[in-house]
Amino acid sequence: MYMLLNIFTSNLQGLIPAVQQVFPEAEHRFCVSVRHLYQNFRVHFKGEILKNQLWACAKSSSIRSWNMNMEKMKELNQDAYEWLEKIPPNTWVRAFFSTFPKCDILLNNSCEVFNKYILEARELPIL
């Protein structure tokens, strides 16, 4: 699989299109945490109010609530609204997630915490 991804990423711009081509049925989501989607968001749009509104949009559990939260974002900052509109909502908004994966987590902190705790153990032999 690594070779396939390597071949595709050299021809395409980035890993996301490569994975979509290799695994067309796979659902792709963005992590909204500070280190991922929000990190790119805050490069252009700073402030606690916009951060909280981004999270309100991402946590929306229905399309109606997402529309209301996006309208509030539009009132707060038109450019931020337009930036978010460019990102497919099924990759970052709970209301649009497929029910198949059975997971609606918006960030991957549990994995990061686990990896932090096993750092020392990773260097040890298996037995």
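Residues numbered from 1 in each chain as written. Predicted model: local features only at pLDDT ≥ 70, side-chain atom pairs only at ≥ 80, totals over all residues. Heavy atoms only, no water.

### Some thoughts on the nonpolar core
Membership of the largest hydrophobic core comes to 20 residues, with the highest contact counts inside it found for Phe41, Leu54, Met73, Leu84 and Trp92. Secondary-structure elements contributing two or more residues to this core are helix 3 (37–44), helix 4 (48–59), helix 5 (63–76) and helix 6 (78–85). When residues of this core are assigned to their parent elements, the largest contribution, five residues, is made by helix 4. The contacts of Leu84, once residues within four sequence positions are left out, are Phe41, Leu54, Met70, Met73 and Trp92. (Core = buried A, V, L, I, M, F, W, Y, C linked by side-chain atoms within 4.5 Å. Buried < 20%, exposed > 50% of the residue type's maximum accessible area, 1.4 Å probe, protein only. Helix = DSSP H or I, 4+ residues; strand = E, 2+ residues; numbered from the N terminus. Contact = heavy atoms within 4.5 Å.)

### Re helix 4
Look at helix 4: 16 Å from first C-alpha to last across 12 residues, which is about the 16 Å you get at 1.5 Å a residue. Residues of helix 4 that are buried: Leu50, Gln53, Leu54, Trp55, Cys57 and Ala58. Summarising the contacts, the buried residues of helix 4 are in contact with helix 3, helix 5 and helix 6. (Expected span 1.5 Å × (residues − 1).)

### Focus: the confidence of the model for the chain
Scored by pLDDT, the chain comes out at a mean of 79, with 77% of its residues at no less than 70. Ranking the elements of the chain by mean pLDDT puts helix 1 (residues 2–11) last with 41 and helix 5 first with 97. Taken as a whole, residues 1–12 scores under 50 in pLDDT and shows 14 contacts with residues more than four places along the chain or in a different chain. (pLDDT = per-residue confidence, 0-100.)

### Considerations on the side chain of Ser60
Structurally, Ser60 can be placed in the loop between helix 4 and helix 5. Among the polar contacts listed, one links the side chain of Ser60 to the backbone oxygen of Ala56, at a separation of 2.9 Å. When residues no more than four places from it in sequence are discounted, the contact partners of Ser60 are Ser65, Trp66, Asn69, Val93, Arg94 and Ala95. (Polar contact = N/O pair within 3.5 Å; in protein donor to acceptor, adjacent residues only side chain to side chain.)

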